[in-house]
Amino acid sequence: MSTPTNIVVGISAEGSLKIAPYGTSESSATDLGFIKGGITIEHEESSYDIQVDQILAPIAKITTQEGLKIKFSLAEATLSNIALSLGQEAPSSNQPLEFGDKAQCAYKTLYANVKGVNGATRKYTFWKCRPTGKTSQVYKRDGETLIEVEFDVLADTTKVATKRFGKIEDITPTSSQN
């Protein structure tokens, strides 16, 4: 049976995307501000086909690799957001962003709050993330400067094996009481 309220249109209000040091709760996370173009969550996996001589098609598949990427464009072209896209620490207030030749960047926890079905808020928590280093900013005459950011979600080995990337939950709005 079809349910029209299961069709989701739009993203959410302010506070859609937050980031924190790895393992930090959402209440202590930093709001990344306005985004443009939505949030893309890409899951992929590679597998090995088990084949035998007697049958032409594979008889089983074994997962050999799994990956998850989060992509978004930040509409607020601040030095802090540029630093995030480069895997650098944000500069102190009124200080320049100096970057390059970093050995390693700190892991982050990423929170995305978007529209869910039936008026719910869908909350994504990605436990352990790292910017891929693939970023761009285009300064142009007739449009916003966006900071394109891409994160790899890594396996958080402190979690149960089947739950190492994160969690998704639908939070139903509660009715207000007068």
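Going by the structure above, here's the rest.
Everything numeric in this text was worked out from a predicted model, so none of it was measured.

Visitor: Looking at this model, I keep getting lost on the overall build of the chain. Mind explaining?
Guide: Along the backbone of the chain there are one helix and nine strands. Beginning at the N terminus, the succession of helices and strands in the chain can be written as β-β-β-β-α-β-β-β-β-β. At 20 Å, the chain has a C-alpha radius of gyration far larger than the 16 Å of a compact globule built from 178 residues. In terms of principal-axis extent, the alpha carbons of the chain reach across some 70 × 55 × 40 Å. For the chain, contacts bridging at least 24 residues in sequence account for 59% of all contacts bridging at least 6. Total accessible area on the chain is roughly 11,900 Å²; 49% of this is exposed by carbon and sulfur atoms. Both charge centroids of the chain, one from 19 positive and one from 21 negative side chains, sit 3 Å from each other.

Visitor: What is the right way to look at the state of the cysteines in this model?
Guide: A covalent bond between the sulfur atoms of two cysteines is referred to as a disulfide. Under the counting rule described, the total for this entry stands at zero disulfides. Cys129 provides the cysteine sulfur closest to Cys105, a residue in no disulfide bond, and the two sulfurs are 11 Å apart. On the basis of relative accessible area, Cys129 is assigned to the buried category, the value being 0%.

Visitor: What is the right way to read helix H1 (residues 79–86) from this model?
Guide: The periodicity of an α-helix, 3.6 residues per turn, causes residues three or four places apart in sequence to face the same way. Most of H1 sits out of view: six of its eight residues are buried. Taken together, the buried positions of H1 are occupied by Asn81, Ile82, Ala83, Leu84, Ser85 and Leu86. The elements touched by buried residues of H1 are strand E1 (17–21), strand E4 (60–74), strand E6 (121–131), strand E7 (136–137) and strand E8 (147–153). Positioned one or two residues after H1, Gly87 has a phi angle of 75 degrees, which is positive.

Visitor: It is not clear to me how the packing of aromatic side chains should be interpreted in this structure. Could you clarify?
Guide: The description of an aromatic ring pair uses the distance of the two centres, along with the angle that the planes make with each other. Applying the stated rule across the entire model yields two aromatic pairs. Between Phe72 and Phe151, the ring centres sit 6.0 Å apart and the planes meet at 20 degrees, which makes this aromatic pair stacked. Here Phe151 lies in strand E8 and Phe72 lies in strand E4, a separation of 79 residues in the sequence. The same class applies to Phe72 and to Phe151, which are both buried. An angle of 15 degrees between the planes, with centres 5.7 Å apart, marks the rings of Tyr124 and Phe126 as stacked. The burial state of Tyr124 is the same as that of Phe126; both residues are buried. Geometry around Tyr107 places Lys128 over its ring, the cationic atom sitting 4.6 Å from the centre. Lying over the aromatic face of Trp127, Lys159 brings its terminal NZ or CZ to 4.1 Å of the ring centre.

What counts and how
Residue numbers here run from 1 along each chain, matching the order of that chain's written sequence. Only residues with pLDDT of 70 or above have their local features reported here, since the model is predicted, and side-chain atom pairs are shown and tallied only from 80 upward, although totals for entire chains, interfaces and linings are computed over all residues. Note that water and hydrogens are dropped before the side-chain values are worked out from all heavy atoms of the structure. Labels follow the DSSP assignment, with helices taken as runs of H or I lasting at least four residues and strands as runs of E lasting at least two, numbered in each case from the N terminus. Our radius of gyration is a C-alpha quantity, and the globule rule it is checked against amounts to 2.2 Å times the number of residues to the power 0.38. Contact between two residues is taken to exist if any of their heavy atoms lie within 4.5 Å; hydrogens are not considered. The Shrake-Rupley method, run with a 1.4 Å probe sphere, supplies the accessible areas, and residue values consider only the shown protein chains as cover. By the counting rule applied here, Lys and Arg register as positive and Asp and Glu as negative, while His and the ends of each chain are not counted. Just so you know, the charge point we use is NZ for Lys, CZ for Arg, CG for Asp and CD for Glu. Our working definition of a disulfide is a cysteine sulfur pair at a distance within 2.5 Å. Relative accessibility thresholds used throughout: buried, under 20% of the residue-type maximum; exposed, over 50%; partly exposed, between the two (1.4 Å probe, protein chains only). Think of it this way: a Phe, Tyr or Trp ring, Trp meaning its six-membered ring, pairs with another when their centres are within 6.5 Å, and the plane angle makes it stacked under 30 degrees, edge-to-face over 60, tilted otherwise. Placement of a positive charge over a ring is assigned whenever Lys NZ or Arg CZ falls within 6 Å of the ring centre and within 35 degrees of the normal to the ring plane.

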